[in-house]
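In case you want the letters, here they are:
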Amino acid sequence: MASFDTGRLCAIVKILDQASIHLRLAARECAPAGPSTAVARPTAEPTASGITALLSVSEQASGSVRRALVHIGNGEVQRAQHELDRARTQPCGAALTPAGLPRPLPRRVATALRLMQGISNFFPSETEQVLVRAGLP
């Protein structure tokens, strides 16, 4: 039977949620200015698309870990493990590349990257490498 460190999983959710907040704000800041009543569309600018891709990775992983915690609480070990596997193997694909991020990195993006890099042994090595390369000047 699998055992889970629910304290660590809760911490991961909090970290990913904080990273998502920083990325959401950064995407808004990088979006083109429009009418004051319009909602900024983060994907409108090429530099915002990299931020949006990073935000997607963070939000999807957070959601999967959150669902895993619910399954753990319900005693559904296999479903919890499935959600954790899904969280760890979210495809970062071509959409998440360091080249898609604005340079120099906005302060909020750099903070989000540091937060996500601080979660050791969670993301697959490919995603970790992309996060590290994205944080380099």
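In this text, all values refer to a predicted model and were calculated from it rather than measured experimentally. (Residues numbered from 1 in each chain as written. Predicted model: local features only at pLDDT ≥ 70, side-chain atom pairs only at ≥ 80, totals over all residues. Heavy atoms only, no water.)

1. Brief notes about the overall build of the protein
The helix and strand inventory of the protein stands at five helices and zero strands. Ordered by position in the sequence, the α and β elements of the protein form the string α-α-α-α-α. Looking at the 137 residues of the protein, the share that counts as buried comes to 39%. Here the analysis covers contacts within the protein between residues at least 6 apart in sequence; of these, 71% occur between residues at least 24 apart. (Helix = DSSP H or I, 4+ residues; strand = E, 2+ residues; numbered from the N terminus. Buried < 20%, exposed > 50% of the residue type's maximum accessible area, 1.4 Å probe, protein only. Contact = heavy atoms within 4.5 Å.)

2. Considering unusual backbone geometry
At the junction of Arg 103 and Pro 104, the peptide bond is cis and its omega measures out at -10 degrees in the coordinates. Here Pro 104 lies in the loop between α3 (77-88) and α4 (107-117). A positive phi is found at Asn 121, a non-glycine position, where the angle reads about 55 degrees. Secondary-structure assignment places Asn 121 in the loop between α4 and α5 (125-135).

3. Points about the confidence of the model for the protein
Averaged over all residues, the pLDDT of the protein is 85; the fraction at 70 or higher stands at 84%. Here residues 36-44 is a poorly scored stretch, pLDDT under 50, and it has 10 contacts once near neighbours within four places are set aside; other chains count. (pLDDT = per-residue confidence, 0-100.)

4. Here we look at the packing of aromatic side chains
Centre-to-centre distance and the angle between the planes together describe a pair of aromatic rings. Counted by the stated rule, this structure contains one aromatic pair. Taking the centre distance of 5.0 Å and the plane angle of 75 degrees together, the rings of Phe 122 and Phe 123 count as edge-to-face. Pair check on accessibility: Phe 122 and Phe 123 agree, each one buried. (Phe/Tyr/Trp six-rings, centres within 6.5 Å; stacked < 30°, edge-to-face > 60°.)

5. What to know about the packing of α4 against α5
Following both chains from N to C, one finds α4 and α5 inclined at 145 degrees, their axes separated by 10 Å at the closest point. For α4 against α5, the interelement crossing comes out left-handed. Only Leu 131, Val 132, Ala 134 and Gly 135 of α5 make contact with α4, whose side of the interface consists of Leu 113, Met 116 and Gln 117. A breakdown of the residues in the contact of α4 with α5 according to their chemical character gives five nonpolar, two polar and no charged. (Axes fitted to C-alpha atoms, helices over the stretch in contact; angles between N-to-C directions. Left-handed = near helix turned anticlockwise from the far one by under 90°. Nonpolar A, V, L, I, M, F, W, Y, C, P; charged D, E, K, R; others polar.)

6. Overview of the packing of helix α1 (residues 6-30) against α4
Following both chains from N to C, one finds α1 and α4 inclined at 160 degrees, their axes separated by 8 Å at the closest point. Relative to α4, the element α1 is oriented roughly antiparallel. The two elements α1 and α4 cross, and the hand of that crossing is left-handed. Two secondary-structure elements touch here, α1 through Ile 15, Leu 16, Gln 18, Ala 19, His 22, Leu 23, Leu 25, Ala 26 and Glu 29 and α4 through Arg 108, Val 109, Thr 111, Ala 112, Leu 115 and Met 116. Residues belonging to the contact of α1 with α4 are distributed by class as follows: 10 nonpolar, three polar and two charged. (Parallel < 35°, antiparallel > 145°, perpendicular 65-115°, else oblique.)

7. Here's the deal with the nonpolar core
Counting residues in hydrophobic clusters, the biggest one holds 31 residues, and the most contacted among them are Val 65, Met 116 and Phe 122. Elements with a contribution of two residues or more to this core: α1, α2 (46-73), α3, α4 and α5. Once you skip the residues sitting within four places of it in the chain, Met 116 turns out to touch Leu 16, Ala 19, Leu 23, Leu 54, Val 57, Ser 58, Phe 123 and Leu 131. (Core = buried A, V, L, I, M, F, W, Y, C linked by side-chain atoms within 4.5 Å.)

8. Side note on the pattern of salt bridges
In the structure shown here, the tally under the stated rule is six salt bridges. Between Arg 108 and Glu 29 there is a salt bridge; the shortest N-O distance is 2.8 Å. With Arg 108 in helix α4 and Glu 29 in helix α1, this pair connects stretches of sequence that are 79 residues apart. Two residues, Glu 83 and Arg 67, come together in a salt bridge whose shortest N-O distance is 3.2 Å. With a gap of 16 residues between them, Glu 83 in helix α3 and Arg 67 in helix α2 connect regions that are remote in the sequence. By sharing partners, the salt bridges in this structure join Arg 67, Glu 83 and Arg 86 into a single network. (Salt bridge = Lys/Arg side-chain N within 4 Å of Asp/Glu carboxyl O.)

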